[in-house]
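Residue-level listing of the chains:
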Amino acid sequence: MRDISILIAEDDEEIANLIVFHLEKEGYHAVKVSDGQEAVRVVENQAFELLILDIMMPEMDGYEVTRRVREQHNMPIIFLSAKTSDFDKVQGLVIGADDYITKPFTPIELVARVNAQLRRFIKLNHPQKSNNTNLEFGGLVISLDQRTVTLYGENIELTPKEFDILYLLASHPKKVYSVEDIFQQVWGEAYFEGGNTVMVHVRTIRKKLREDKRTNKWIKTVWGVGYTFNG
């Protein structure tokens, strides 16, 4: 844990200090900034394994910070916000966040979610070697080693969670995964009201794979059960 750095972008100093205290108590190295522009600037010059972003910040909001960070980096991003509507949560996940925590929050919950995100991120970025980590389906190529997806030679930009879901489904074509199964395997934690989160990610993957323009779809919905990969 000592080598893991986490950036906290939060303009409320009291909240930022509370987060730093509990993360450092857990053994992480925590860096705090107070506005969005500074967050982007720091990420460009320092390596982080995870970002915690407030949404409403001076200079640049958390949504724009996420868009810019996602252009170059795939570390987990957790939104921490007083915006509690389902629309806000869905918007955050679609933009590229991996988790969304509403204020007020408990430090125990925050640390638990940070730990879960980091376990998944570290595990998937240091996979065990295998004879073949590329999955190919016609024009779709999914590389676990490179964590890349190409569609007829064109690179498809997926967030870490979107990649994890696609790789999970594609690794076992025709197997039906329930929403609960997907949440538990991709998020690495017990299922708890994660159904909407999974559905939002699947919808975004389909859009990026341009399934709206194809008759035969790679990700097939099994109504009342879950999803399967139609490879």
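Parameters at a glance
- Residues numbered from 1 in each chain as written.
- Predicted model: local features only at pLDDT ≥ 70, side-chain atom pairs only at ≥ 80, totals over all residues.
- Heavy atoms only, no water.
- Buried < 20%, exposed > 50% of the residue type's maximum accessible area, 1.4 Å probe, protein only.
- Helix = DSSP H or I, 4+ residues; strand = E, 2+ residues; numbered from the N terminus.
- Arc of directions from axis to C-beta.
- Contact = heavy atoms within 4.5 Å.
- Polar contact = N/O pair within 3.5 Å; in protein donor to acceptor, adjacent residues only side chain to side chain.
- pLDDT = per-residue confidence, 0-100.
- Salt bridge = Lys/Arg side-chain N within 4 Å of Asp/Glu carboxyl O.
- Pairing = 2+ DSSP bridges.
- Axes fitted to C-alpha atoms, helices over the stretch in contact; angles between N-to-C directions.

1. Quick look at helix 3 (residues 62-70)
And then number 1: Along helix 3, the positions that sit buried rather than exposed are Gly62, Tyr63, Val65, Thr66, Val69 and Arg70. The arc that holds the buried residues of helix 3, viewed along the axis, is 160 degrees, so those residues lie on one side.
And then number 2: Turning to helix 3, the residues buried within the fold contact helix 2 (36-45), strand 3 (50-54), strand 4 (77-81), helix 4 (86-95) and helix 6 (160-171).
And then number 3: Two or three places before Tyr63, at the opening of helix 3, Asp61 has a side-chain oxygen 3.1 Å from that residue's backbone nitrogen.

2. Overview of the confidence of the model for the protein chain
And then number 1: Of the residues in the protein chain, 90% reach a pLDDT of 70 or more, and the chain-wide mean stands at 87.
And then number 2: When pLDDT is averaged over each element of the protein chain, strand 3 comes out on top at 96 and helix 4 at the bottom at 84.

3. A look at the pattern of salt bridges
And then number 1: In total, this model carries 14 salt bridges according to the counting rule given.
And then number 2: The closest approach of N and O atoms between Asp54 and Lys103, which form a salt bridge, is 3.6 Å. Within this pair, whereas Asp54 is found in strand 3, its partner Lys103 is found in the loop between strand 5 (99-102) and helix 5 (107-125), the two being separated by 49 residues in sequence.
And then number 3: You can call Asp54 buried: its relative accessible area is 6%.
And then number 4: Note that Glu211 is salt-bridged to Arg206, the shortest N-O span being 3.7 Å.
And then number 5: A relative accessible area of 1% places Glu211 in the buried class.

4. What to know about the pairing of strand 6 (residues 134-137)
And then number 1: Burial along strand 6 is one-sided: the residues Leu135 and Phe137 are buried and none of Asn134 and Glu136 is.
And then number 2: Note: strand 6 against strand 7 (residues 140-143), four bridges, orientation antiparallel. Pairing of Leu135 across the sheet is with Ile142, part of strand 7.
And then number 3: Counted along the chain from strand 6 to the antiparallel partner strand 7, the turn is two residues long, and its residue Gly138 has a positive phi close to 60 degrees.

5. Description of the sheet that holds strand 9 (residues 154-156)
And then number 1: Overall, antiparallel pairing links the four strands, which are arranged 6-7-8-9 in an open sheet. The open sheet has two edge strands with one neighbour each: strand 6 and strand 9. If you compare each strand with its neighbour and ignore which way they point, the axes differ by 20 degrees on average.

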